[in-house]
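Given next are the chains, with one letter for each unit.
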Amino acid sequence: MLALMVALAAVGLTRMAAIHHHLDVITGKYNAKTDIIFSMRHIVRERALSTYAMFIMDDPFQREEEYQRFTNMAGEFIQLRDHLIQLGLTEKERIALDGVLEQVREYQPLHSRLVDRITHEQTDGIREEILNHDLLRQREMLDRLDKMVDMERNESRAAAVQASDEYRSAYLVMMFLTAVAIAFGLLIAGYVVRRARLIESALAQEKEHAEITLHSVGDAVIAADAQGKVSYLNPAAEQMTGWRSEEARGQPLRKIYHIINETTRKPLEHPAMLGVLDSPIVGLDKHTLLVSRSGIELAIEDTAAPIRNSAGEDVGAILVFRDVTEQRSMQNQLSWQASHDPLTGLVNRRELELLLERLLASAKEQNKRHALLYLDLDQFKVINDTCGHIAGDELLRQVAGLMHPLIRDSDTLARLGGDEFGILLEGCSLRQAEQIAHKLLQSLEEFRFAWQGKTFRVGVSIGLVGIHARSGTLSTVLSAADGACYMAKEKGRNRIWLHQDDDREIAIRHGEMEWVSRIMQAFDENRFVLYFQRVIPLVVSSGTPPYREVLVRMIDEKGELVPPMAFIPAAERYGVMSTVDRWVVKTTFAWLADHPQEEGLAVNLSSQSLSDDGFLDFVMGQFHAVRLSPRRICFEITETAAIANWKRATQFIAALRSLGCCFALDDFGSGMSSFGYLKNLPVDFIKIDGAFVRDMIEDEVDHAMVEAVNRIGHVMGIRTTAEYVENDRILAKLREMGVDYAQGFGIHVPEPLDIQEPRTAAKPLSEDHELLGPVISAFRRPA
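Residues numbered from 1 in each chain as written. Predicted model: local features only at pLDDT ≥ 70, side-chain atom pairs only at ≥ 80, totals over all residues. Heavy atoms only, no water.

### Considerations on the nonpolar core
Here is the rule: Definition of nonpolar core: a set of buried residues of the types Ala, Val, Leu, Ile, Met, Phe, Trp, Tyr and Cys, connected through side-chain atoms within 4.5 Å. The classification of residues rests on relative accessible area computed with a 1.4 Å probe and restricted to protein chains. Under 20% of the type maximum is buried, over 50% is exposed, and intermediate values are partly exposed. A run of H or I in DSSP becomes a helix once it reaches four residues, and a run of E becomes a strand once it reaches two; helices and strands are each numbered from the N terminus.
V619, F635 and L734 are the most contacted members of the largest nonpolar core, which totals 70 residues. No other element matches helix α17 (residues 577-594), which puts 9 residues into this core. F380, L441, F456 and V458 belong to the second-largest nonpolar core, a separate cluster that totals 34 residues.

Spelled out as structure tokens, the structure:
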């Protein structure tokens with residue numbers, strides 16, 4: 001509409017200016033022509049008078065002067081003629097002018113002779129010539145010039161008429177465009193009104209839809225303006241805060257949305273309360289509690305986003321939050337179980353190692369002194385074997401309860417596994433540590449464990465290690481504490497052995513020779529054998545076949561089987577486990593190559609093998625040597641081994657999975673801190689730790705743990721296997737949960753793998769220098 005009005009004004013002004021200019025040009029042109037013609041008429045008349053004046057003058061000088069004037073007027077006449085021609089002549093004007101000029105050409109010679117006679121004073125008959133001829137010709141010329149003046153006046157009137165017609169035309173055009181503009185304006189007004197009504201209707205529907213949506217969503221929503229004043233609460237927000245939307249409107253956001261830190265209990269300021277939402281989405285940390293109007297505390301997760309107008313300016317904020325109290329409780333429970341021993345409630349080995357790492361750092365950076373006690377119960381095996389595992393578990397709980405009051409609040413008591421405990425004494429000198437150790441020794445010496453009418457005396461062997469700036473690494477300190485505890489047992493048990501820097505290498509060498517020599521001797525005498533245990537599928541419809549897990553066993557000097565937990569920890573502790581793993585891999589691959597009809601086997605790998613630079617090449621070499629399909633092998637690695645060797649573990653898994661091997665994460669749940677790592681660990685199976693499976697029927701926490709691990713595995717597309725399945729009740733419950741596989745003594749008791757001297761059987765360890773390397777190097781290490 002604006003463009004149309006501008007166009008209308010432009011056209012009108014242009015047309016009017018054109019008419020005005022045209023009229024000015026025409027009027028000026030015709031006026032100029034008229035003036036020139038009048039001037040020419042005046043010159044004609046003046047020349048006639050000048051001729052007569054020369055005739056009557058007696059003074060020759062005056063006559064000469066008049067003659068000069070007479071001659072100049074001829075020049076002026078010629079100039080006026082040229083000027084008139086330059087202005088442009090119509091056809092009629094040119095014809096009239098040519099008539100005048102023609103008469104001038106005829107009259108000029110006669111007139112010149114007449115003037116010449118006068119100037120030479122030949123005056124006879126001059127009067128009659130002037131009166132009878134010169135004046136007559138002058139009158140004819142004046143008549144012709146008068147006609148030209150009339151012609152110019154007629155032309156000027158015609159031009160005025162034409163200008164009037166153009167003005168009238170322009171007026172009509174202006175009126176037409178004005179009518180068009182008015183009509184178009186009415187159309188636009190109608191469209192705008194209709195469009196405005198449609199927009200209002202759409203906005204009303206959108207507002208209603210938004211309100212319905214906000215009322216129906218499960219998350220709580222609070223809207224606030226730029227000053228942090230509440231403008232809206234949806235029903236979920238009303239329920240969680242205890243404020244109705246009408247009551248909260250106009251109130252400060254911090255009053256309605258009262259949040260505190262779960263740990264420090266200090267009030268928190270949300271950025272939305274301060275109007276500083278710089279980023280599109282802002283969220284608080286995961287330790288936030290919402291305190292409702294009635295004082296109820298809810299764990300929440302929230303996000304906030306700014307509301308901006310069309311100019312990009314912040315005009316408010318939207319706060320969205322939800323109740324995660326149940327999830328937070330489960331997370332806290334899982335976190336507690338990740339760092340604590342479920343039997344005794346003490347921190348576990350992993351948590352103790354983390355704390356020890358921190359104390360080692362403080363010792364090096366701040367020159368602080370700490371101490372570590374490594375405790376091993378002396379009579380636990382007797383009680384466990386005599387009265388059973390239930391009695392052993394109860395003994396461990398009572399011992400934990402007995403020791404805890406004897407240490408300081410700043411100290412940390414942990415169960416390391418089995419009957420071993422560890423105590424971190426923070427900011428403690430060796431003298432203080434010895435005093436605490438003696439109190440523990442005396443208390444446990446006086447303690448009597450009663451079970452079903454029987455009473456047992458329990459002793460403890462304690463290894464004491466000081467932690468200072470030169471203590472070395474975590475493994476060095478733990479190894480020294482373990483060695484000191486071992487020496488306490490070697491020296492007669494129920495005593496304290498203080499680790500000294502000067503006897504450290506002797507203790508380590510003694511331990512290495514003791515254990516490595518026994519394992520070495522068993523290899524030399526071919527006293528290692530392979531057993532297997534079946535792993536059965538629980539979901540028959542899935543079509544997943546059963547498979548078998550390979551277990552290594554050692555036969556002692558008397559021909560009896562040594563329990564795996566007797567020699568495997570020693571092999572792992574003193575660096576021989578990688579050699580055992582190589583023997584298992586080589587022997588298993590050879591057996592499978594000679595038994596192509598047999599199902600695939602699962603092989604356990606230790607943490608040492610994962611950290612061995614050459615182990616991956618060794619495994620690939622064995623596949624090539626016996627021409628075995630990698631699809632028939634599943635490697636099992638423990639959760640702690642994968643986390644401890646994260647980079648190497650992921651590289652190892654990726655390399656072998658690309659060949660077709662599958663991987664299982666063994667003893668999953670024993671650490672629980674690895675839930676975050678599981679997302680980035682490409683495994684095919686999760687083996688749920690048997691410590692949870694064994695008591696899942698009676699223990700609700702264990703049941704929830706098994707269910708949670710199984711659910712998490714399935715969400716991630718990983719199949720699950722339950723270990724330690726010892727009876728039909730557990731098996732039925734696992735099948736009901738949807739666990740994919742199960743294994744345990746209740747399903748299949750391990751039995752020997754039939755090695756019928758295969759053609760590619762593993763060589764004796766003494767003949768395989770590749771396997772002997774780590775063992776021989778252990779004996780050659782300098783004291």
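### Focus on the packing of helix α12 (residues 389-403) against helix α13 (residues 430-446)
The cut-off we apply is this: Whenever a helix is involved, its axis is fitted only over the stretch in contact; in every case the axis is a line through C-alpha atoms, and angles between N-to-C directions fall within 0 to 180 degrees. The scheme is simple: roughly parallel for angles under 35 degrees, roughly antiparallel for over 145, roughly perpendicular for 65 to 115, oblique for anything else. Crossing handedness is read from the near helix: turned anticlockwise from the far helix by less than a right angle, it gives a left-handed crossing, and turned clockwise, a right-handed one. Contacts are residue-level and defined by heavy atoms, with any inter-residue pair within 4.5 Å sufficient. Following the grouping adopted for this structure description, the nonpolar residues are Ala, Val, Leu, Ile, Met, Phe, Trp, Tyr, Cys and Pro, the charged ones are Asp, Glu, Lys and Arg, and the polar ones are all others, Gly among them.
Taken N-terminus to C-terminus, the directions of α12 and α13 make an angle of 135 degrees; their axes are 10 Å apart at the nearest point. In this view, α12 runs oblique relative to α13, as classed from their interaxial angle. Every pair of crossing elements has a handedness; the one defined by α12 and α13 is right-handed. Judged by residue contacts, V399, L402 and M403 of α12 engage L440, S443 and L444 from α13. Counted by class, the contact of α12 with α13 contains 5 nonpolar, 1 polar and no charged residues.

### Describing the environment of V550
Note on placement: V550 falls in strand β15 (residues 547-555). Residue classification places V550 among the buried positions, given a relative accessible area of 3%. Considered as a pair, V550 and T588 are 38 residues apart in the sequence and their alpha carbons are 8.0 Å apart. Setting aside residues up to four positions removed in sequence, V550 forms contacts with L530, Y531, F532, V584, T588, L601, A602 and N604.

### Quick notes on the sheet that holds strand β6 (residues 314-323)
Our working rule: When DSSP finds two or more bridges between a pair of strands, those strands are recorded as paired.
Taken in spatial order, the 6 strands of this open sheet run β2-β1-β6-β5-β4-β3, and their pairing is antiparallel. Edge strands, defined here as strands with exactly one partner in the open sheet, are β2 (230-233) and β3 (258-261). Between one strand and the next, the sheet's axes are offset by a mean angle of 35 degrees, whatever the strand orientation. Lying over the sheet, helix α9 (residues 325-339) contacts β4 (288-291), β5 (297-308) and β6, oriented at roughly 120 degrees with respect to β5.

### Brief notes about the pattern of salt bridges
The criterion, for reference: A pairing counts as a salt bridge when a side-chain nitrogen of Lys or Arg comes within 4 Å of a carboxyl oxygen of Asp or Glu.
Under the defined criterion, the tally for this structure stands at 30 salt bridges. Here E598 ties to R548 by a salt bridge, and the two come within 2.9 Å at their closest N and O atoms. Of this pair, E598 sits in the loop between α17 and β17 (601-605) while R548 sits in strand β15, and the two are 50 residues apart along the sequence. Assessed through its relative accessible area of 5%, R548 is described here as buried.

### Focus on the sheet that holds strand β13 (residues 496-498)
Overall, mixed pairing links the 5 strands, which are arranged β8-β9-β7-β12-β13 in an open sheet. Sheet topology places β8 (412-417) and β13 at the edges, where each strand pairs with a single neighbour. Going from strand to strand, the sheet's axes swing by 20 degrees on average, the running direction of each strand aside. Pairing between β8 and strand β9 (residues 420-425): 5 bridges, direction antiparallel. Bridged to T412 within β9 is L424.

### Quick notes on the packing of helix α19 (residues 615-626) against helix α21 (residues 646-657)
Orientation of α19 relative to α21, taken along the N-to-C sense of each, is 15 degrees, at an axis distance of 11 Å. On the basis of the axis angle, α19 is roughly parallel to α21. As for how α19 packs across α21, the hand of that crossing is right-handed. Where α19 approaches α21, its residues F615, L616, V619, M620 and F623 are matched on the opposing element by F652, A655 and L656. Residue composition of the contact of α19 with α21, grouped by class: 8 nonpolar, no polar and no charged.

### Some remarks on unusual backbone geometry
Comment: phi is negative for the bulk of residues other than glycine, and the bulk of peptide bonds are trans. A positive phi angle, close to 50 degrees, is found at N494, a residue other than glycine. Assignment of secondary structure puts N494 in the loop between α14 (474-490) and β13. Its identity is not glycine, yet D667 carries a phi of approximately 55 degrees, on the positive side. Mapping D667 onto the fold places it in strand β19 (residues 662-668).

### Some remarks on a nonpolar patch on the surface
The following threshold applies: The patch calculation keeps residues exceeding 30% relative accessible area without a salt bridge and links them within 9 Å when they carry like charges or within 5 Å when they are nonpolar (Val, Leu, Ile, Met, Phe, Trp, Tyr). What sets the accessible areas is the Shrake-Rupley method with a 1.4 Å probe; for residues, cover comes only from the shown protein chains.
Among the surface-exposed residues, M16, Y167, Y171, L172 and M175 lie close enough to one another that they form a single nonpolar patch of about 520 Å² accessible area. On the secondary structure map, M175 appears in helix α4 (residues 126-216). A residue is classified by how much of its surface remains accessible, and M175, at 44% relative accessible area, is partly exposed.

### Some points on the packing of aromatic side chains
How two aromatic rings sit relative to each other is given by the distance of their centres and the angle of their planes. Formally: Think of it this way: a Phe, Tyr or Trp ring, Trp meaning its six-membered ring, pairs with another when their centres are within 6.5 Å, and the plane angle makes it stacked under 30 degrees, edge-to-face over 60, tilted otherwise.
Taken as a whole and judged by the stated rule, the model has 15 aromatic pairs. Considering the side-chain rings of F528 and F567, the 5.8 Å spacing of their centres and the 75 degrees angle between planes classify their relative orientation as edge-to-face. Taken as a pair, F528 in strand β14 (residues 528-537) and F567 in helix α16 (residues 564-573) lie far apart in primary sequence, 39 residues in all. Classification of F528 by relative accessible area gives buried; the value is 4%. Ring geometry for F652 against F663: centres 6.0 Å apart, planes inclined by 85 degrees, an arrangement best described as edge-to-face. Of this pair, F652 sits in helix α21 while F663 sits in strand β19, placing them 11 residues apart in sequence. Its relative accessible area of 0% is what places F663 among the buried residues.

### Re the environment of H703
Following the sequence through the fold, H703 ends up in helix α24 (residues 700-715). Sequence spacing of H703 and L734 is 31 residues, and the spatial spacing of their C-alpha atoms is 9.7 Å. In this structure H703 touches M696, K733 and M737, once residues within four positions along its chain are discounted.

### Examining the environment of A32
One can find A32 in helix α1 (residues 2-56). In sequence terms A32 and H83 are 51 residues apart; their C-alpha atoms lie 9.6 Å from each other.

### A word on the pairing of strand β21 (residues 719-722)
Moving residue by residue along a regular strand, the side chains alternate between the two faces of the sheet. Where we set the bar: We call a crossover right-handed when, viewed with both strands directed away from the observer, the connection leading from the first strand over the helix to the second proceeds clockwise.
Alignment of strand β20 (residues 685-688) against β21, held across 4 bridges, turns out to be parallel. If you follow K687 over to β21, its bridge partner there is T721. With 2 bridges joining them, β21 and strand β22 (residues 741-742) adopt parallel strand pairing. Each residue of the ladder has a partner; that of A722, found in β22, is A742. As for the winding sense of the linkage, the β-α-β connection from β21 through helix α25 (residues 728-737) to β22 is right-handed.

### Examining α9
How we decide: A helix is expected to span 1.5 Å for every residue after the first.
Counted at 1.5 Å a residue, the expected span for α9 with its 15 residues is 21 Å, and the 21 Å between its end C-alpha atoms agrees. Turning to α9, its buried residues are R328, L334, Q337, A338 and S339.

### Thoughts on α13
The criterion, for reference: The directions from the helix axis to the C-beta atoms are what the arc is built from.
Compared with an ideal rise of 1.5 Å per residue, which puts 17 residues at 24 Å, α13 spans 24 Å between its outermost C-alpha atoms and is within 8% of the ideal. What α13 keeps buried is the set A433, I436, A437, L440, L441, S443 and L444. The buried residues of α13 all sit within an arc of 165 degrees when viewed along its axis, so they share a single face. Away from the buried face of α13 by more than 90 degrees, exposed residues R431 and E446 are located. Where α13 is buried, its residues touch β7 (370-377), α12, β9, β12 (460-467) and β13.

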